[in-house]
Amino acid sequence: MKATLLFIIMLLSVSFFVGCDQKTDREKFESTIDSFAYYYFNSQYPHAIPYVTPESKKWLEYASSQITQADIDILRALPEGASYEIGVNSYHGNDTTASVEIVANNVLVLDTIGGGGKIVPETNRVFELKRRNGKWLVHLTEL
């Protein structure tokens, strides 16, 4: 009897802790966009790859290939990295697509191929997201 009671208590404890660890769909959505925005706006494109759809990876790889040493020097000279604010979004819990508007400050923008980048004080971008296999991912169709 004691062994059975102890087993039931252990089983309930484990299920409680496992249940507490699961994020809601909204939390997954917000976590994805926050992580993506941090890496994307700070020009850390390889780190942003886990947060995008597979077909979007090429855009981040392209952006990475365009960063020059001069751009890296500009980024290192900044007193702090880019900041961003996640604004209006069209998240709907029962849908598989969404969009979110992000306002970012002090972002390195690459002007032309082979040309140096410049810091833009403020930029406003809208990103599309898709839910795939229970995960929200940013879907890029351009930079």
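All figures in this text were calculated on a predicted structure; none of them were measured in a lab.

(A) Fine view of the overall build of the protein. Within the protein, the secondary structure is distributed over five helices and four strands. Written out in order from the N terminus, the α and β elements of the protein read α-α-α-α-α-β-β-β-β. Taking the contacts inside the protein whose residues are at least 6 apart along the sequence as the reference set, 57% of them involve residues at least 24 apart. A total accessible area of about 9100 Å² is found for the protein, and carbon and sulfur atoms account for 57% of it.

(B) Inspection of the pairing of strand E2 (residues 97–110) at higher detail. Here strand E1 (residues 83–89) pairs with E2 via five bridges, running antiparallel. What sits directly across from Ser-83, in E2, is Asn-105. Here E2 runs beside strand E3 (residues 117–132); their pairing, made up of 13 bridges, is antiparallel. The partner of Ser-99 across the bridge, within E3, is Glu-128.

(C) How the structure looks around helix H4 (residues 57–66). Buried residues of H4: Leu-60, Ala-63 and Gln-66, and no others. Buried residues along H4 cover an arc of 125° about the axis, so they all sit on one side.

(D) Representation of helix H2 (residues 25–41) in the model. Helix length check: H2 (17 residues) gives 24 Å between terminal C-alpha atoms against 24 Å at 1.5 Å per residue, within 8%. The complete set of buried residues in H2 reads Asp-25, Phe-29, Thr-32, Ile-33, Ser-35, Phe-36, Ala-37, Tyr-40 and Phe-41. Looking at the buried side of H2, the elements it contacts are helix H3 (45–48), H4, E1, E2, E3 and strand E4 (135–139). Residue Ser-43 follows H2 closely and has a positive phi angle near 60°.

Cut-offs applied
Residues numbered from 1 in each chain as written. Predicted model: local features only at pLDDT ≥ 70, side-chain atom pairs only at ≥ 80, totals over all residues. Heavy atoms only, no water. Helix = DSSP H or I, 4+ residues; strand = E, 2+ residues; numbered from the N terminus. Contact = heavy atoms within 4.5 Å. Areas by Shrake-Rupley, 256 points an atom, 1.4 Å probe, with all protein chains shown as cover. Pairing = 2+ DSSP bridges. Buried < 20%, exposed > 50% of the residue type's maximum accessible area, 1.4 Å probe, protein only. Arc of directions from axis to C-beta. Expected span 1.5 Å × (residues − 1).

Keep in mind these numbers describe shape, not what the thing actually does.
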